[in-house]
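Tertiary structure, described
What follows is the residue order along each chain.
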Amino acid sequence: MIAFAGFSQAQAPGRSGGSLPVLGDTSELPASAERRLGDRIAGSIYRDPDYLDDPVLGDYLQSIWQPLMTAARARGDLGVDLEERFAWEVMLIRNRTINAFALPGGYLGVHLGLIAVVESRDELASVLAHELSHVTQRHISRLMSKQSQQMPWMLAAMILGMLAASKNPDAANAAIAGGQAIAVQNQLNFSRDMEREADRVGFGVMADAGFEKQGFATMFDKLQQASRLNDNGSYPYLRSHPLTTERIGEAKGRLQLEGPAPSPVSGEAGRARVVHAMMAGRARVLGDASADALRLLLAEAQRVPASAAEGLKPRDVGALYAGALAATRLREHSQARSLADKLKTAAAASPSMAPALELLSLEIDIAAGRAAQAPKLANGKSRAAVLLQSQADLAAGRPQDVPDRLQSWVSTHPKDAMAWQLLATAQGQQGQTLRAIRADAESRVAQLDYGAARDRFKAAQDLMRSGRDTGSGASAHIDGSIIDTRAREIDQLLREQALQEKLDRKL
């Protein structure tokens, strides 16, 4: 898989990034055109079976991503114009390879294999900061400007083909012709200068965001060790981001120039490692749901000695978490509960584990058919808590408890496809067919599937015209007005897209 990205803002001097000059923006591709191209690619990824919306891992990634974004903004790397124009969306990909990538328009992808292999949030932050810096320095658009003779729609197909190549060579061949693929691959791979710039800027962003700078070096060490192994396809990140002695030396030299890192707050680093270990365990389970793989993870958890429960090492915590989740997927619910109880004993000495364990406990109850007996989540403000509690209420036959919670959530997070889909389910179970169809349409909009969204909005309009199941009074009028407005907006968007495609084909 390839990794590439872009942006147009020159770097301002940063506290940790130095004031070395950037390469300069030589892009001829407008930000709006890059965003359109990114939307086209992202829409296909959303519909790929390997795209994963896991709220728990998603929240964990956001806890790293948002501080990086804040730091990039404060340093002057992320300008207001590009922040508003680009998506800045991080997508999870169900793939065990060690990889992360950036796409046109500010979309980034993270493979579960990367989360599973890194040992700390600082190492994961180093990769995300590097990819973010490819975007903020507008590397994608610079590279794509060299391909100015290629139509954007063709570039989108080629990029999707290269993304598919890491999973299925046949799918890649169906998306791109061999000779063209090689040419575009060569042109979209980052230059060494761009890699060094992303290293330097990313290092500063990561440090200013409050992550341990040593994570950058330890991540390099992992990749350097991997590069000595035979190329078995497990480290595609090494092919799109080739390590050189110069890059490794610069990274280590940068650490020396920064001086010794301040000692973390007592116990803070250990607590962060424990939470990361649980998320890495979750990534291992979700990355390979085969029965054999789940059995191996369960067996590993069962080998953790019960006597060590109160003083578990991060590795043991990760093994127990993965084992409990694996047992849940295997429908061995008593085993899952037993392993979760071991984790709760350890959590008594590490309160930072509590939110993740509360969510895990609810997942086990839902899978075991005990959602009705499960206690409500104590802290229901995170996305994972909002969505998982809604899933529990639906499983417990309480659809009436869901709409208010999710309506409040989507009012501030209108691009949350899973929230809209759960809302559609709850409204459908309550017999609110019109609202359910509208929520389903909004979920398609959130995943950039505008054609499907238009069909759903038109179905809602047809239902209103029939006079069936539309409610009564002011609420029916409001629902109808919203649906008509949204249908017109989507129709206009589709017309603009069709016109833009015609213009692209003429270039």
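Being a predicted model, the structure only gives us computed values, none of them experimental.

Another aspect to go through is the overall build of the protein chain. Of the regular secondary structure elements, the protein chain holds 24 helices and 4 strands. The proportion of buried residues among the 507 residues of the protein chain is 52%. Accessible surface, the protein chain: about 22,400 Å² in total, of which carbon and sulfur atoms supply 51%.

For the rest of this paragraph, the subject is the sheet that holds strand E1 (residues 51-52). Read across the sheet, 4 strands follow the order E1-E2-E4-E3 without closing on themselves; strand pairing throughout is mixed. In the strand order of this sheet, the two ends are held by E1 and strand E3 (100-103), each with one partner. As defined by bridge partners, E1 adjoins strand E2 (residues 89-93) across 2 bridges and the pair is classed as antiparallel. Looking at the pairing, Tyr51 lines up with Ile93 of E2. This element, helix H1 (residues 31-46), spans E1, E2, E3 and strand E4 (107-111) of the sheet and lies at about 35° to E4. Of the strands in this sheet, E2 and E4 touch helix H2 (residues 55-75), which is tilted by about 140° from E2.

Ranked by internal contacts, the top residues of the largest apolar core, which has 90 residues, are Leu68, Leu114, Leu124, Met278 and Met353. Looking at this core, the element that brings in the most residues is H2, giving 10 residues. If near-sequence neighbours (up to four positions away) are discounted, Leu124 is found in contact with Tyr60, Leu61, Ile64, Leu114, Ile115 and Val118. Among the nonpolar cores identified, the runner-up in size contains 29 residues, and Tyr46, Met91, Ala460 and Ile490 belong to it.

Let us look at the packing of aromatic side chains. The final tally for this structure, using the stated rule, is 4 aromatic pairs. Ring centres 5.1 Å apart and planes at 85° place the aromatic pair Tyr46 and Tyr51 in the edge-to-face group. Comparing Tyr46 with Tyr51, the two get one shared label, buried. Ring geometry for Phe86 versus Trp88: centroids 5.8 Å apart, planes at 45°, classification tilted. Summarising the burial analysis for this pair, Phe86 and Trp88 share the class buried.

It is worth spelling out the packing of helix H15 (residues 291-302) against helix H16 (residues 314-329) at this point. Closest axis-to-axis distance for the H15/H16 pair is 8 Å, and the angle between their directions is 135°. Regarding the angle of H15 to H16, the classification is oblique. Read as a crossing pair, H15 and H16 show a hand that is left-handed. Contact residues: H15 offers Leu294, Leu297, Leu298, Glu300 and Ala301, while H16 offers Ala319, Leu320, Ala322, Gly323, Ala326, Ala327 and Arg329. Residue classes in the contact of H15 with H16 are distributed as 9 nonpolar, 1 polar and 2 charged.

Moving on to the side chain of Glu123. Tracing the sequence through the fold places Glu123 in helix H5 (residues 121-136). A polar side-chain atom of Glu123 sits 2.9 Å from the main-chain amide nitrogen of Glu119. Apart from the residues within four sequence positions on either side, Glu123 is in contact with Val118, Gly215, Thr218, Met219 and Lys222.

Checked against the element boundaries, Ala374 lands in the loop between helix H18 (354-367) and helix H19 (383-395). Spatially, the C-alpha atoms of Ala374 and Gln389 are 9.9 Å apart, while their sequence positions differ by 15 residues.

Another aspect to go through is the pairing of E2. Counting buried positions along E2 yields 4 of 5 residues, so the element is predominantly enclosed. In terms of strand pairing, E2 meets E4 through 5 bridges, oriented parallel. Note that in E4 the partner of Leu92 across the bridge is Val110.

What follows covers the confidence of the model for the protein chain. Within the protein chain, residue pLDDT values average 82, and 76% of them lie at 70 or more. Per-residue pLDDT stays below 50 along residues 171-188; that stretch engages in 28 contacts with residues further than four places along the chain or on separate chains. Here residues 229-233 is a poorly scored stretch, pLDDT under 50, and it has 3 contacts once near neighbours within four places are set aside; other chains count.

Here the focus is the environment of Leu29. Secondary-structure assignment places Leu29 in the segment before H1. Along the chain, Leu29 and Met144 lie 115 residues apart, while their C-alpha atoms are 7.5 Å from each other.

At a closest axis distance of 10 Å, the pairing of H18 and H19 adopts a crossing angle of 20°. With respect to H19, the element H18 is oriented roughly parallel. H19 is crossed by H18, and the crossing has left-handed handedness. Facing Leu359, Leu362, Glu363 and Ile366 of H18, the residues of H19 in contact are Ala384, Ala385, Leu388, Gln389, Gln391, Ala392 and Ala395. For the contact of H18 with H19, the per-class residue count stands at 8 nonpolar, 2 polar and 1 charged.

Summed over the entire model, instances satisfying the criterion amount to 27 salt bridges. Close ionic contact of Asp53 with Arg383 constitutes a salt bridge, the shortest N to O distance being 2.9 Å. Of this pair, Asp53 sits in the loop between E1 and H2 while Arg383 sits in helix H19, and the two are 330 residues apart along the sequence. With relative accessibility at 16%, the residue Arg383 sits in the buried group. The salt bridge partner of Asp208 is Arg75, with a shortest N-O separation of 3.3 Å. Linking Asp208 in helix H10 (residues 192-208) with Arg75 in helix H2, this pair joins segments that are 133 residues apart in sequence. Taking the relative accessible area as the measure of exposure, Asp208 reaches 18% and is therefore buried.

Procedures and definitions
- Residues numbered from 1 in each chain as written.
- Predicted model: local features only at pLDDT ≥ 70, side-chain atom pairs only at ≥ 80, totals over all residues.
- Heavy atoms only, no water.
- Helix = DSSP H or I, 4+ residues; strand = E, 2+ residues; numbered from the N terminus.
- Buried < 20%, exposed > 50% of the residue type's maximum accessible area, 1.4 Å probe, protein only.
- Areas by Shrake-Rupley, 256 points an atom, 1.4 Å probe, with all protein chains shown as cover.
- Pairing = 2+ DSSP bridges.
- Contact = heavy atoms within 4.5 Å.
- Axes fitted to C-alpha atoms, helices over the stretch in contact; angles between N-to-C directions.
- Core = buried A, V, L, I, M, F, W, Y, C linked by side-chain atoms within 4.5 Å.
- Phe/Tyr/Trp six-rings, centres within 6.5 Å; stacked < 30°, edge-to-face > 60°.
- Parallel < 35°, antiparallel > 145°, perpendicular 65-115°, else oblique.
- Left-handed = near helix turned anticlockwise from the far one by under 90°.
- Nonpolar A, V, L, I, M, F, W, Y, C, P; charged D, E, K, R; others polar.
- Polar contact = N/O pair within 3.5 Å; in protein donor to acceptor, adjacent residues only side chain to side chain.
- pLDDT = per-residue confidence, 0-100.
- Salt bridge = Lys/Arg side-chain N within 4 Å of Asp/Glu carboxyl O.

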